[in-house]
Amino acid sequence: MSQLTSTCASLLGLFSWHPLLMALAFSFLMTEALLIFSPETSLLRSFSRKVRVWVHWALQLLALLCALLGLGIITYNKHLNGKGHFVTWHGLTGLLAVLYTSGQCAGGVLLLYPKLMKNWTLAKLKLYHATSGLVGYLLGCASLMLGMCSLWFTTTVTGASWYLAMLCPLITSLVIMNQVSNAYLYRKRSQH
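Residue positions are given per chain, counted from 1 along the sequence in the order it is written. Reporting of local features is limited, given that this is a predicted model, to residues whose pLDDT is at least 70; pairs of side-chain atoms are given and counted only at 80 or more, and all residues count toward the totals for whole chains, interfaces and linings. With hydrogens and water set aside, each side-chain value is computed from the structure's full complement of heavy atoms.

### Some words on the packing of aromatic side chains
Item 1. Pairing of aromatic side chains here covers Phe, Tyr and the six-membered ring of Trp, requires ring centres within 6.5 Å, and sorts the geometry by plane angle: under 30 degrees stacked, over 60 edge-to-face, intermediate tilted. Applying the stated criterion across every chain yields a total of 4 aromatic pairs.
Item 2. Here F15 and W152 contribute two aromatic rings whose centre-to-centre distance is 5.0 Å and whose plane-to-plane angle is 75 degrees, an arrangement assigned as edge-to-face. With F15 in helix α1 (residues 2-35) and W152 in helix α5 (residues 151-156), this residue pair connects regions lying 137 residues apart in the sequence.
Item 3. Each residue is placed in one exposure class: buried if its accessible area under a 1.4 Å probe, protein chains only, is under 20% of its type's maximum, exposed if it is over 50%, and partly exposed if it falls in between. Given the relative accessible area of 36%, W152 is considered partly exposed.
Item 4. A ring pair is formed by W120 and Y128, whose centres lie 5.4 Å apart and whose planes are at 70 degrees; its orientation type is edge-to-face.
Item 5. The exposure class assigned to W120 is partly exposed, which follows from its relative accessible area of 37%.
Item 6. One aromatic cluster is present, formed by F15, W152 and F153 through successive ring pairs. Here a strand is any run of E in DSSP of at least two residues, a helix any run of H or I of at least four, and the numbering for each starts at the N terminus.

Below you can see the structure in the form of structure tokens.
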């Protein structure tokens, strides 16, 4: 009996790393990495663009590392418990968000070395990176929100706290969408 209790406690401890790492990745690190370029809210707005790009890279890589660790932990935890993998909307969007983020980070290399893409202008690469990054960010936020609808979360976080938690990715999504729209989409439309 004590072995079963100890196994359950260690599994619960293992599981708890998944929401922590995913929230850290998508709600904190990725949000901050995207807000680096905001002229209104960035703590680094007085720094050169080059410094902000490198901080963006560092934060995005940390976010990707946290997301990959969170994905690995939940996959291993489900394996230990004999549960199916990626059978919920939360699991599917989470997997897609992590894979998309991995691809987006790899695509960001093209902005550091734009000469690799001979037929593309740097402005076009930045536009595509920003808009496709927005899609990945929204996928991550959607997965977080779906996770907040899970049985585990709704029994752990109740009442007003649940609504407050749900508002966080919703509000940051709106802020990031506004930033990308103002920085790239509206400016590009007005130039044509």
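### Here's the deal with the packing of helix α3 (residues 89-112) against helix α4 (residues 122-147)
Item 1. Only the stretch in contact is used when a helix axis is fitted, and all axes are lines through C-alpha atoms; the angle between N-to-C directions ranges over 0 to 180 degrees. Two elements in contact, α3 and α4, have axes whose closest approach is 8 Å; the angle formed by their N-to-C orientations is 160 degrees. The angle between the axes of α3 and α4 places the two elements in the roughly antiparallel class. Where α3 crosses over α4, the two elements pack in a sense that is left-handed.
Item 2. Among the residues making up the contact of α3 with α4, the classes are represented as 11 nonpolar, 13 polar and 1 charged. Roughly parallel means an angle under 35 degrees; roughly antiparallel means over 145; roughly perpendicular covers 65 to 115; every other angle is labelled oblique. Left-handed is the label given to a crossing in which the near helix is rotated counterclockwise from the far helix by less than a right angle, and right-handed is the label when the rotation is clockwise. Residue polarity is assigned by list, with Asp, Glu, Lys and Arg as charged and Ala, Val, Leu, Ile, Met, Phe, Trp, Tyr, Cys and Pro as nonpolar; anything else, Gly included, falls into the polar class.

### Quick word on the environment of H129
Item 1. Its location among the elements puts H129 in helix α4.
Item 2. Counting along the chain gives 18 residues from H129 to L111, while the straight-line C-alpha distance between them is 8.3 Å.
Item 3. Look past the residues within four positions of H129 in its chain and what remains in contact with it is H56, Q104, G107, G108 and L111. Contacts: residue pairs with any heavy atoms within 4.5 Å of one another.

### So, the UniProt feature "transmembrane region" (unreviewed entry) in the protein chain
Item 1. Here the UniProt-annotated "transmembrane region" (unreviewed entry) positions come out as residues 20-37, 57-76, 88-113, 134-154 and 160-180.
Item 2. Helix makes up 89% of residues 20-37 and strand 0%, whereas the separation of the span's terminal C-alpha atoms amounts to 26 Å.
Item 3. Secondary structure across residues 134-154 comprises 86% helix and 0% strand; the distance between its end C-alpha atoms is 28 Å. UniProt positions are given in the numbering used here, feature names are shortened, and annotations may be inferred rather than shown by experiment.

### A few points about the nonpolar core
Item 1. With 36 residues, the main nonpolar core has M22, F26, M148 and I176 as its most contacted residues.
Item 2. Taken together, the elements giving at least two residues each to this core come down to α1, α2 (49-81), α3, α4 and α6 (160-191).
Item 3. Considering each element in turn, this core owes the most residues, 10 residues, to α1.
Item 4. If sequence neighbours within four positions are ignored, F26 has contacts with T31, A67, A97, V98, T101, G136, Y137, G140 and L144. For this analysis, a nonpolar core means a set of buried residues of the types Ala, Val, Leu, Ile, Met, Phe, Trp, Tyr and Cys, connected via side-chain atoms within 4.5 Å.

### Considerations on a nonpolar patch on the surface
Item 1. Together, L164, L167, L170, I171, L174 and V175 make up an exposed nonpolar region whose accessible area comes to about 530 Å².
Item 2. Along the chain, L164 falls in helix α6. A patch consists of residues whose relative accessible area exceeds 30% and which take part in no salt bridge; residues with like charges are grouped when within 9 Å of each other, and nonpolar side chains (Val, Leu, Ile, Met, Phe, Trp, Tyr) when within 5 Å. What sets the accessible areas is the Shrake-Rupley method with a 1.4 Å probe; for residues, cover comes only from the shown protein chains. By salt bridge we mean one thing: a side-chain nitrogen of Lys or Arg within 4 Å of a carboxyl oxygen of Asp or Glu.

### Re α2
Item 1. Here α2 spans 47 Å end to end across 33 residues, near enough to the 48 Å set by a 1.5 Å rise per residue.
Item 2. Note on α2: the residue one or two positions beyond its end, G82, has a positive phi of about 65 degrees. One less than the number of residues in a helix, times 1.5 Å, gives the span that helix is expected to have.

### Comments concerning the confidence of the model for the protein chain
Item 1. This prediction gives the protein chain a mean pLDDT of 88; 90% of its residues lie at or above 70.
Item 2. Looking at the elements of the protein chain, mean pLDDT is at its lowest for α1, recorded as 79, and at its highest for α2, recorded as 95.
Item 3. Counted against residues more than four places away or in other chains, residues 4-9, with its pLDDT under 50, gives 0 contacts. On a scale of 0 to 100, pLDDT captures the predictor's confidence in every residue.

### Looking at the side chain of S143
Item 1. With respect to the helices, strands and loops of the structure, S143 is situated in helix α4.
Item 2. Setting aside its immediate chain neighbours within four residues, S143 contacts H90, T93 and G94.

### Observations regarding the packing of α2 against α3
Item 1. Axis separation between α2 and α3 bottoms out at 10 Å; the angle between their running directions is 155 degrees. Relative to α3, the element α2 is oriented roughly antiparallel. Here the hand of the crossing between α2 and α3 comes out left-handed. Listed contacts from α3 to V53, W54, W57, Q60, L64, A67, L68 and L71 of α2 are L95, V98, T101, S102, C105, G108, V109 and L112.
Item 2. In terms of residue class, the contact of α2 with α3 is built from 12 nonpolar, 4 polar and no charged.

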